[in-house]
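# Geometric and topological summary
One letter stands for each residue in the lines below.
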Amino acid sequence: MRISSALLPLLATTQTCLGFVLSPSSPSQQLLRPNSAHSNNAISGSRLSVSAASTDVGAPGTADLPWSELGFEFRPTKSHLRMIYRDGAWKEAELVESPYLNIHIGATALHYGQSCFEGLKAFAHDDDSVYMFRPDENAKRINKSGARVMMPEIPMETFIKACNDVVKDNIAYVPPYGSGGALYLRPLLFGSGPRIGLQPAEEYTFIVLVIPVGDYYKGGLAKPVNGLIVEDYDRAAPLGVGAAKVAGNYAADLIPNMEAKKQGFPICLYLDAATHTKVEEFSTSNFIGIDNTNKRYVTPASPSVLPSITNKSLQTIAKDEGMTVEQRDIDVEELKDFDEAIACGTAVVVTPVGSLTRLAVNGGTESKYEFTEDVGETTRRLYDQVRSIQNGEVEDRHNWNFKVQ
């Protein structure tokens, strides 16, 4: 059952919950991973179920949208999923059509930043089935982030089932196979209960919203982007929350990101906050350096860097192809030794970086590290392989895809 926007004001004043039911007596459901290009593995679903839902998923790509022109921006869809944690337990979940939340003015998310989120994608395959890419890893990461700011755990099966059900309800907005797009899922967990003193809330809200998206940077893999090495700002402090996907981490990037774009750089690379001598990560994505001569894939190992699920996947693919994967400190001057540089993450997938510029500060000289003018061979190969897995075009040998049903 769906809650219409017209009913929200009434429901906001009651304890009524409609739609999904968390019931100990309800049968568990299963989310299937694909077979061969689609494997036989399955995980059992949580008891977050729909009491009167149709088993028909429906066809993706039937919404009236310009599929070939999608960027990475908000677009309205049919619904989002919402769950409340109160009195030590997750309550009923619901599909809600209104894009607005009714939140307490004392919510800890507003005052103390008690909020974290995730990003994952669902892809249409050539048979019109739809699969989510590695939602189990997102479940693990959101719980690590939540624990860092004292928020309750979301059981993995509950998380995956919530993602499944919101994709299913918005199946028409999944970009069709061959369009190059995906349905982006944004799970968000935040403190919605009131506190004025610095302490965790007693109530939390978990939502999953969905948006059809194209490339994060226009042109996608067509042309490398030029990046700016940030000198006068830091993304995360040592021993801070850089490794957690908390909302405040991204607020720190707003000014440097906008300033870089005004100077013609669509992407920023941050250095370690303590010494400004080591590479950390881009604004919203991990850094990868490629040494083709020695078949090396190098990415920073820093407690201030968010562990990227895309990076983790690419490392596995690189190892499968015989490359040596190194997670370690990367001195800024080592940038000159890489043939290719990559920004990777759920939103950008793989974005080739053509150059990284370090502007002159305090009378110093400007440095520019140049990579490939066109998309590098390793960048192209890694991108093609991960996208082929996501699209169901090659064998999913590591069982990363979860079927929506």
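Remember, it's a predicted structure, so these values are computed and weren't measured experimentally.

## Focus on the overall build of the protein
Broken down by element type, the protein carries eight helices and 22 strands. When burial is assessed residue by residue, the protein has 54% of its 405 residues classed as buried.

## Overview of the packing of helix H7 (residues 309-320) against helix H8 (residues 377-390)
Where H7 contacts H8, the axes come no closer than 10 Å and their chain directions differ by 110°. Judged on the interaxial angle alone, H8 and H7 are roughly perpendicular. Here H7 and H8 pass one another in a crossing that is right-handed. Contacts from Leu314, Ile317 and Ala318 of H7 reach H8 at Leu382, Gln385, Val386 and Ile389. Taken together, the residues that form the contact of H7 with H8 break down as six nonpolar, one polar and no charged.

## Some words on the packing of aromatic side chains
In this structure the tally under the stated criterion is nine aromatic pairs. Between Trp90 and Phe206, the aromatic rings sit 6.4 Å apart at their centres with planes inclined by 70°, giving edge-to-face as the arrangement. Linking Trp90 in strand S7 (residues 89-96) with Phe206 in strand S12 (residues 204-213), this pair joins segments that are 116 residues apart in sequence. Assigned by exposure class, Trp90 and Phe206 land together as buried. Aromatic side chains Phe159 and Phe206 sit 5.9 Å apart centroid to centroid with 35° between the ring planes, which places their arrangement in the tilted category. You can see Phe159 sitting in helix H4 (residues 156-169) and its partner Phe206 sitting in strand S12, a full 47 residues away along the chain. Here the two residues Phe159 and Phe206 agree in accessibility, since each one is buried. An aromatic cluster is built from Tyr85, Trp90, Phe159, Tyr204 and Phe206, whose rings are joined through pairwise contacts.

## Some points on the environment of Val353
Secondary-structure assignment places Val353 in strand S20 (residues 349-358). A relative accessible area of 1% means that Val353 is categorised as buried. Along the primary structure Val353 and Lys223 are separated by 130 residues, whereas in three dimensions their C-alpha atoms are 8.6 Å apart. The residues contacting Val353, other than those within four sequence positions of it, are Pro224, Val225, Gly227, Phe282, Ala341, Ile342, Ala343 and Phe371.

## Here's the deal with the nonpolar core
If you look at the biggest cluster of nonpolar residues, it comprises 37 residues, and the most contacted ones within it are Met132, Phe159, Val167, Leu185, Leu189 and Phe206. The greatest single-element share of this core, amounting to six residues, is contributed by H4. With residues up to four places along the chain from it excluded, the contact list for Leu185 reads Glu118, Gly119, Leu120, Lys121, Ala122, Met132, Cys163, Val166, Val167, Val208, Leu209 and Val210. If you look at the next biggest cluster of nonpolar residues, it comprises 22 residues, including Phe133, Ile288, Ile389 and Trp400.

## Topic: the side chain of Thr299
Relative to the helices and strands, Thr299 is located in strand S17 (residues 296-300). Among the polar contacts made by the side chain of Thr299, one reaches the main-chain carbonyl oxygen of Phe287 at a distance of 2.7 Å. When neighbours within four sequence positions are excluded, Thr299 is seen to be in contact with Phe287, Ile288, Asn311, Gln315, Glu326, Gln327, Arg328 and Ile330.

## Some thoughts on helix H3 (residues 135-148)
Taking 1.5 Å per residue, 14 residues should reach 20 Å; H3 reaches 20 Å between its end C-alpha atoms and fits that length. Among the residues of H3, those classed as buried are Pro135, Asp136, Glu137, Asn138, Ala139, Arg141, Ile142, Asn143, Ser145 and Gly146. Met150 lies just past H3 and shows a positive phi near 60°.

## A short note on the confidence of the model for the protein
On average, residues of the protein score 88 in pLDDT, and 85% of them reach the 70 mark or higher. Low pLDDT, under 50, characterises residues 1-54; the predicted model gives this stretch 123 contacts beyond four residues in sequence or across chains.

## Some remarks on a negative patch on the surface
A contiguous patch of negative charge on the surface is contributed by Asp126, Asp127, Asp128 and Glu393. Counting through the fold element by element, Asp126 comes out in the loop between strand S9 (120-124) and strand S10 (130-133). A relative accessible area of 60% places Asp126 in the exposed class.

## Some details on the packing of H3 against H4
At a minimum axis distance of 9 Å, the contact between H3 and H4 shows a crossing angle of 125°. Viewed along their axes, H3 and H4 adopt a mutual orientation that is oblique. For the crossing formed where H3 meets H4, the hand is right-handed. Contact residues: H3 offers Pro135, Asp136, Asn138, Ala139, Lys140 and Ile142, while H4 offers Met156, Phe159 and Ile160. The residue inventory of the contact of H3 with H4, partitioned by class, reads six nonpolar, one polar and two charged.

## Brief notes about the pairing of strand S11 (residues 182-191)
Counting buried positions along S11 gives eight out of 10 residues, so the element sits mostly inside the fold. Where strand S8 (residues 115-117) lies against S11, three bridges are found, and the strand directions are antiparallel. Of the residues in S11, the one forming a bridge with Cys116 is Leu189. The sheet contact formed by S9 and S11 spans three bridges and is antiparallel. Paired with Ala122 across the bridge in S11 is Leu183. Examined bridge by bridge, S11 and S12 share 10 bridges and lie antiparallel to one another.

## A short note on the environment of Lys295
For Lys295, the position within the fold is in the loop between strand S16 (286-291) and S17. Sequence separation between Lys295 and Gly322 is 27 residues; the distance between their C-alpha atoms is 7.8 Å.

## Thoughts on a nonpolar patch on the surface
A grouping of Tyr112, Ile196 and Leu198 is seen on the molecular surface, where their side chains present a nonpolar patch of about 370 Å² in accessible area. Relative to the helices and strands, Leu198 is located in the loop between S11 and S12.

Procedures and definitions
- Residues numbered from 1 in each chain as written.
- Predicted model: local features only at pLDDT ≥ 70, side-chain atom pairs only at ≥ 80, totals over all residues.
- Heavy atoms only, no water.
- Helix = DSSP H or I, 4+ residues; strand = E, 2+ residues; numbered from the N terminus.
- Buried < 20%, exposed > 50% of the residue type's maximum accessible area, 1.4 Å probe, protein only.
- Axes fitted to C-alpha atoms, helices over the stretch in contact; angles between N-to-C directions.
- Parallel < 35°, antiparallel > 145°, perpendicular 65-115°, else oblique.
- Left-handed = near helix turned anticlockwise from the far one by under 90°.
- Contact = heavy atoms within 4.5 Å.
- Nonpolar A, V, L, I, M, F, W, Y, C, P; charged D, E, K, R; others polar.
- Phe/Tyr/Trp six-rings, centres within 6.5 Å; stacked < 30°, edge-to-face > 60°.
- Core = buried A, V, L, I, M, F, W, Y, C linked by side-chain atoms within 4.5 Å.
- Polar contact = N/O pair within 3.5 Å; in protein donor to acceptor, adjacent residues only side chain to side chain.
- Expected span 1.5 Å × (residues − 1).
- pLDDT = per-residue confidence, 0-100.
- Patch = residues over 30% accessible without salt bridge, like charges linked within 9 Å, V, L, I, M, F, W, Y side chains within 5 Å.
- Areas by Shrake-Rupley, 256 points an atom, 1.4 Å probe, with all protein chains shown as cover.
- Salt bridge = Lys/Arg side-chain N within 4 Å of Asp/Glu carboxyl O.
- Lys, Arg positive; Asp, Glu negative; His and termini not counted.
- Charge placed at Lys NZ, Arg CZ, Asp CG, Glu CD.
- Pairing = 2+ DSSP bridges.

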